[in-house]
Amino acid sequence: MKRIFLGWDGFLLDRAAQWLLDRHGEDLSGILVALPGARAARALREKLARRARPGWTPPAILTQGDLIDEMVVLDRPVAGRLARTLAWARALSELPRARLEVLAARPPESGDLRASLALAETVRGLHADLAQEGIGFERLARGEGRPGSAGEARRFEVLAEAQARWRRILDALGLADPHESRFAAIDAGRIDPDLKVVLVGVADMNRLLRRLVERLGARAMALVFAPEAEADAFDELGCLRTEAWKDRDLDLPLDRWHVVDGPDAQAERTLEILASWGGRFAPEEVAIGVADEEVAPHLERRLSEQAIVAHHAAGTPLELTRPFRLLAELAAWLPRRAFAPYAALLRHPDLEAALRARLEESDGEIDVAAALDGYHGAHLPGAIDGRWLGGKDEPMRAVHAAVLDLLGGLSSSDPRPLAEWPTAIRAFLAATYPDLLQPAVEEQRVLAGSLSVLSDALGEIERLPGALGATPATAAAALDLAAAISRGESVSPRPSAPGEAVIEMLGWLELPLEDARALVVTGFQEGFVPRSRRDDAFLPDGLRRKLSLPCAEDRVARDLYAATVLLRSKKEIAFVSGRKSRQGDPWLPSRLAFHAPRAQILDRVERLHRKEGARAMSPLAGGGRYELPRRMPLPEVEAMRVTAFRDYLRSPYGFYLKHVLGVETLDDSAREMDAKAFGSLAHDVLEDFGRSDLRDSTDESGIERWLREKVEDLGRRRYGARPLPAVELQLAQLSRRLALFARAQARRATEGWRIRHVEWKPAKPVVLRMKESEKPMPLHGAIDRIDVREGSREWAILDYKTGFSAKDPAKAHRRRDGAWRDLQLPLYTLLANELGFESQPALGYFSIGKDEAETRIALASWDSSDLEDAFEAAREVVRKIRAGECFDLGREFSDEPILLALAGEGLVEGTEEEDGESEPEESRG
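Computed from a predicted structure; not experimentally measured.

### What about the overall build of the protein chain?
Inference 1: Counting its secondary structure elements, the protein chain contains 34 helices and 23 strands.
Inference 2: In summary, the protein chain has a C-alpha radius of gyration of 32 Å against a globular reference of 29 Å for 925 residues, a match within 12%.
Inference 3: Taken along the three principal axes of its C-alpha coordinates, the protein chain extends 105 × 65 × 60 Å.
Inference 4: For the protein chain, the residues scored as buried account for 54% of the 925 residues in total.
Inference 5: Here the contacts in the protein chain between residues at least 6 apart in sequence split such that 82% fall between residues at least 24 apart.
Inference 6: With the model as given, the accessible surface of the protein chain reaches about 39800 Å², and the carbon-plus-sulfur share is 49%.

Structure follows, in structure tokens:
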């Protein structure tokens, strides 16, 4: 297996996407690309699709957890999670109660399906953790993995006995455990013989996945987000070597670590940090890591006070949606019909509205809450079960009759086959939510999404096989089961509205592959980074080490690597630790903060106990007394090329001179092609190649011969039959570079990539949409190249670069502090919208370098939130231009002497940070 080290600075997924396009061309149909998580998989899919041309063939992009199912051929169907849980419930129920008491102090009573399912789910999870590592309960009961504690050993003996029964139940159903079946299939060689696998950023694997990848051998490749110099810190499969990472120092500057009190203080400090960046980043350019979810609502509130929407990438947890709460409250009432859960049920806003509508049709207007309160005030009932108290209960009886009418079959307390209950639950939900929902209304969008997730859970119950579907269950048990299946799911966040200020909030493990330019990590506390498993009663850390399972040291290594990637890849980053929880319980900061040289430890201890004050905002550049020359009034900028945004971000005044006044330097001193002319010639050759019959060829020599002839032809037409010696040498250099391009292009075509467009311009007008009150900005530009991958949804937008060395688009577009310095590639996605691709393209550079190493595709690992962040940065540029904010030199003003003189070189003073240290300059001016 080959490992490819892509580095760990800049936008990682863009690099991966570009590498895939460079390596495999437009036809990626025979490739499976696996990433650590679903968000990263979606982001990579979008990046590739944005870089590809119509008709390309995308790869299958999935999570590393789904990779095995795509590769191995099982000999029989596998049981789903619900079927396995029910099978465990049945297997456990067959054990003598004395044996069950070894597992639980209070085992479920016979016939108590709700309690049985709770225990079964715990055992199912334990079995899954071990089975994916190739370990069965038998090994811990009687094998070399047997725990030293007699009590622990007895528990695994009982579990091994239950596991034998569980397997017999699945066998009778014609089903198998997915983990055990996958191991068997891999060992038997039942693996797809043709598919290739590319692992992207997969830093750790369970044994099941390792077994598959080892079997694939050369058919698998690992893209590692680390420099080649770190090769020894990764194993042969591209995973972390724990021993190389667990004791490593983390280069976390002390001024980037903040320690405050509770969750709200963390949120407040986060906003102070954002302010300290001095407006260099639009909200969409910033991400907030939420290692401790307790901080999330405080962040949302604080940001909303600043008119910024906190876009929680995890979406709205289903447990917080109204339909989920409705079913939970109904399940709480049904078993005992107690008054308190009944009152909570009737006060659910959706049920109350549905009841009110029904009552108006039959009984006239009745205030449901008043009827409930009146009845309770008069009778203090312990239950609402149809046995009424007193004689003045007509409103309450009418309300309850409407409740039973809505419930339909769910009002019955009699058990029935489990698979029959979903019909009644669906009918209840349909009666409660009869109106067509409008996705454009956020509240209704979340409502519709939650109903969809619940419908999927009910469908899983309906599809239960044989005896499992016939399991007797009450309505409450069926509702509990639907909730258990859907718990942990979420409704995806709404797309950001044009011009809306949005900041993405992400979990800790999602951050390394997130493309935000600036990042604040909250919840940087022990127990969250790294995540604690102290509550694992069955597999404590000592036993995990004995079994060579992932343990605390592995989690420390993983998180040290993740933090290292974050520190290397972000322009600005800060970590915020809390001293206490919302309830006042003390927290310790993450141990990662103390992975530092011994000489720094005391400073970090001092930081832990010192109360920090708010930091002052730091502007981008100092304002000197010199007034930059200008022509007023400022002419209106009626349209912008996508490349003009880069000029403004580098220097507003440089933009003004070039794009408003049309200033440029002209002379006749050149005796060779300058970089612009050399690149222009290369672009013309490549444009013609992209329109030629050879554009999809895999014949390296044929491509090279065609390009050489084209260079000669265009060179002769542009510079004559006998050009200047330097130009003739440059033409030879270009031919040599294009020979290297031919090799890369042939490989790319072999991988299924096809050139769909070159120098493509949209046929329809394209605008950068602003807020409703703002006029859109028309955009212009031509895209060097659009590739598609055959058999897939991948596409790529590529910009040719002919510099001396290969450029990293992430670095070219963003500064080390996270600020956008170029928006060209993100804005290309707007130009390409009319092509109709559904997915996000890969965005990057196709560098035509001086040697093979420098001739490659480099991708920027941006996801949709980064692109929206870029669009917002573009909107902000437009607003500033329209406001006349063009008289700041910025940080990358031209180095042309005449322009420097015009700008008053040496007269503009910089500012200093609060601690007195000057901000490092990236360029003159």
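### Some details on the sheet that holds strand 14 (residues 518-522)
Inference 1: If you trace the six strands from one edge of the open sheet to the other, you get 6-15-14-7-13-8, paired in parallel fashion. This sheet does not close on itself; its edge strands, each paired only once, are strand 6 (257-260) and strand 8 (309-312). Averaged over all pairs of adjacent strands, the angle between strand axes in this sheet comes to 25 degrees, irrespective of strand direction.
Inference 2: Bridging between strand 7 (residues 286-290) and strand 14 involves five bridges; their strand directions are parallel. Within strand 14, the position partnered with Val286 by the bridge is Ala518.

### As for the packing of aromatic side chains
Inference 1: One pass over the full model with this rule turns up 29 aromatic pairs.
Inference 2: Between Phe11 and Trp862, the ring centres sit 4.9 Å apart and the planes meet at 70 degrees, which makes this aromatic pair edge-to-face. With Phe11 in the loop between strand 1 (2-5) and helix 1 (12-24) and Trp862 in the loop between strand 23 (856-860) and helix 33 (864-882), this residue pair connects regions lying 851 residues apart in the sequence.
Inference 3: The buried category is assigned to Trp862, whose relative accessible area is 0%.

### Description of the sheet that holds strand 2 (residues 31-35)
Inference 1: Strand order in the open sheet formed by five strands is 1-5-4-2-3, and the pairing between neighbours is parallel. The strands lining the two open edges of the sheet, one partner per strand, are strand 1 and strand 3 (60-63). Neighbouring strand axes in the sheet, compared pairwise and without regard to direction, differ in orientation by 20 degrees on average.
Inference 2: Both strand 4 (residues 196-200) and strand 5 (residues 220-224) contribute to a ladder of four bridges, which runs parallel. Counterpart to Leu199 in the pairing with strand 5 is Ala222.

### Focus: the environment of Ala478
Inference 1: Structurally, the position occupied by Ala478 is in helix 22 (residues 475-486).
Inference 2: On a C-alpha basis, the gap between Ala478 and Glu420 in space is 9.3 Å, while along the polypeptide they are 58 residues apart.

### Points about the confidence of the model for the protein chain
Inference 1: Across the protein chain, the average pLDDT comes to 88, with 94% of residues at 70 or higher.
Inference 2: Scored below 50 in pLDDT, residues 613-624 shows 29 contacts in the model against residues more than four places distant or in partner chains.
Inference 3: In this model residues 906-925 is a low-confidence stretch, pLDDT under 50, and it forms 37 contacts with partners more than four residues away in sequence or in other chains.

### Brief notes about the packing of helix 28 (residues 675-691) against helix 30 (residues 725-750)
Helix-helix packing is characterised by the crossing angle of the two axes and by the distance between the axes.
Inference 1: One can describe the packing of helix 28 onto helix 30 by two numbers: an axis separation of 11 Å at closest approach and a directional angle of 40 degrees. It follows that helix 28 is oblique to helix 30 by the angle criterion. Where helix 28 crosses over helix 30, the handedness of that crossing is right-handed. Facing helix 28, whose interface residues are Phe678, Leu681, Ala682, Val685, Leu686 and Phe689, helix 30 presents Gln730, Leu731, Leu734, Arg737, Leu738, Phe741 and Gln745.
Inference 2: A per-class count over the contact of helix 28 with helix 30 returns ten nonpolar, two polar and one charged.

### A look at the packing of helix 16 (residues 349-362) against helix 19 (residues 421-432)
Inference 1: Packing of helix 16 against helix 19 leaves a shortest axis separation of 9 Å and a crossing angle of 75 degrees. Put simply, helix 16 runs roughly perpendicular to helix 19. On helix 19, the residues that touch Asp350, Leu351, Ala354 and Arg358 of helix 16 are Phe428, Ala431 and Thr432.
Inference 2: Looking at side-chain class alone, the contact of helix 16 with helix 19 contains four nonpolar, one polar and two charged residues.

### Here's the deal with unusual backbone geometry
Inference 1: Of note, the amide linkage connecting Val529 to Pro530 takes the cis form, showing an omega dihedral of -5 degrees.
Inference 2: In this structure, Pro530 sits in the loop between strand 14 and helix 23 (541-546).
Inference 3: If you check the backbone angles, Arg337 has positive phi at about 55 degrees while not being a glycine.
Inference 4: Positionally, Arg337 belongs in the loop between helix 14 (322-333) and helix 15 (339-346).
Inference 5: By relative accessible area, Arg337 is classed as buried at 15%.
Inference 6: At Ser548, a position not held by glycine, the phi torsion is positive, near 60 degrees.
Inference 7: Its location among the elements puts Ser548 in the loop between helix 23 and helix 24 (552-569).
Inference 8: On the accessibility criterion, Ser548 (53% relative accessible area) is exposed.

### Some points on the pairing of strand 21 (residues 795-801)
Inference 1: Of all the seven residues making up strand 21, seven are buried; the element is thus mostly covered by neighbouring parts of the structure.
Inference 2: Here strand 20 (residues 783-789) runs beside strand 21; their pairing, made up of four bridges, is antiparallel. By the bridge assignment, Val788 is partnered in strand 21 with Trp795.
Inference 3: Linking strand 20 back to strand 21 in an antiparallel pair, the connection comprises five residues, with Gly791 at a positive phi of about 75 degrees.

### Remarks on the pattern of salt bridges
Inference 1: Within this structure, the stated rule accounts for 78 salt bridges.
Inference 2: Among the salt bridges present, the one from Arg167 reaches Glu138, with a minimum N-O distance of 2.6 Å. Within this pair, whereas Arg167 is found in helix 8 (residues 150-172), its partner Glu138 is found in helix 7 (residues 137-142), the two being separated by 29 residues in sequence.
Inference 3: For Arg167, a relative accessible area of 24% puts it in the partly exposed group.
Inference 4: Residue Glu852 pairs with Arg747 through a salt bridge whose shortest N-O separation is 3.7 Å.

### Some points on helix 9 (residues 178-187)
Inference 1: Of all ten residues in helix 9, seven are buried; the element is thus mostly enclosed.
Inference 2: Among the residues of helix 9, Pro178, His179, Ser181, Arg182, Phe183, Ala185 and Ile186 are the ones counted as buried.
Inference 3: Buried residues along helix 9 sit against helix 3 (64-71), helix 4 (81-93), helix 6 (113-131) and helix 10 (207-216).
Inference 4: A side-chain oxygen of the first residue of helix 9 lies 3.2 Å from the backbone nitrogen of His179; this N-cap is Asp177.

### Quick word on helix 22
Inference 1: Its twelve residues place the ends of helix 22 17 Å apart at the C-alpha level, agreeing with the 16 Å of an ideal helix rising 1.5 Å per residue.
Inference 2: For helix 22, a buried count of ten out of twelve residues is recorded, marking the element as mostly surrounded by other parts of the structure.
Inference 3: For helix 22, the full list of buried residues reads Ala475, Ala476, Ala477, Ala478, Leu479, Leu481, Ala482, Ala483, Ile485 and Ser486.
Inference 4: Along its buried surface, helix 22 packs onto helix 4, helix 6, helix 14, helix 19, helix 20 (442-462) and strand 11 (472-473).
Inference 5: Remark: Gly488 follows helix 22 within two positions and exhibits a positive phi of approximately 95 degrees.

### Some thoughts on the environment of Ala473
Inference 1: With respect to the helices and strands, the residue Ala473 is situated in strand 11.
Inference 2: Remark: the alpha-carbon pair of Ala473 and Leu113, spanning 360 residues in sequence, is separated by 6.7 Å.
Inference 3: Setting aside anything within four residues of it in sequence, one finds Ala473 in contact with Leu113, Asp414, Pro415, Arg416, Leu418 and Trp421.

### Let's talk about the environment of Ser181
Inference 1: Mapping Ser181 onto the fold places it in helix 9.
Inference 2: Assessed through its relative accessible area of 9%, Ser181 is described here as buried.
Inference 3: Separated by 52 residues in sequence, Ser181 and Asp129 place their C-alpha atoms 15 Å apart.
Inference 4: Ser181 has contacts with Leu74, Val78 and Ala176, leaving out every residue within four places of it along the chain.

What counts, and at which threshold
- Residues numbered from 1 in each chain as written.
- Predicted model: local features only at pLDDT ≥ 70, side-chain atom pairs only at ≥ 80, totals over all residues.
- Heavy atoms only, no water.
- Helix = DSSP H or I, 4+ residues; strand = E, 2+ residues; numbered from the N terminus.
- Rg over C-alpha atoms; globule rule 2.2 N^0.38 Å.
- Buried < 20%, exposed > 50% of the residue type's maximum accessible area, 1.4 Å probe, protein only.
- Contact = heavy atoms within 4.5 Å.
- Areas by Shrake-Rupley, 256 points an atom, 1.4 Å probe, with all protein chains shown as cover.
- Pairing = 2+ DSSP bridges.
- Axes fitted to C-alpha atoms, helices over the stretch in contact; angles between N-to-C directions.
- Phe/Tyr/Trp six-rings, centres within 6.5 Å; stacked < 30°, edge-to-face > 60°.
- pLDDT = per-residue confidence, 0-100.
- Parallel < 35°, antiparallel > 145°, perpendicular 65-115°, else oblique.
- Left-handed = near helix turned anticlockwise from the far one by under 90°.
- Nonpolar A, V, L, I, M, F, W, Y, C, P; charged D, E, K, R; others polar.
- Salt bridge = Lys/Arg side-chain N within 4 Å of Asp/Glu carboxyl O.
- Polar contact = N/O pair within 3.5 Å; in protein donor to acceptor, adjacent residues only side chain to side chain.
- Expected span 1.5 Å × (residues − 1).

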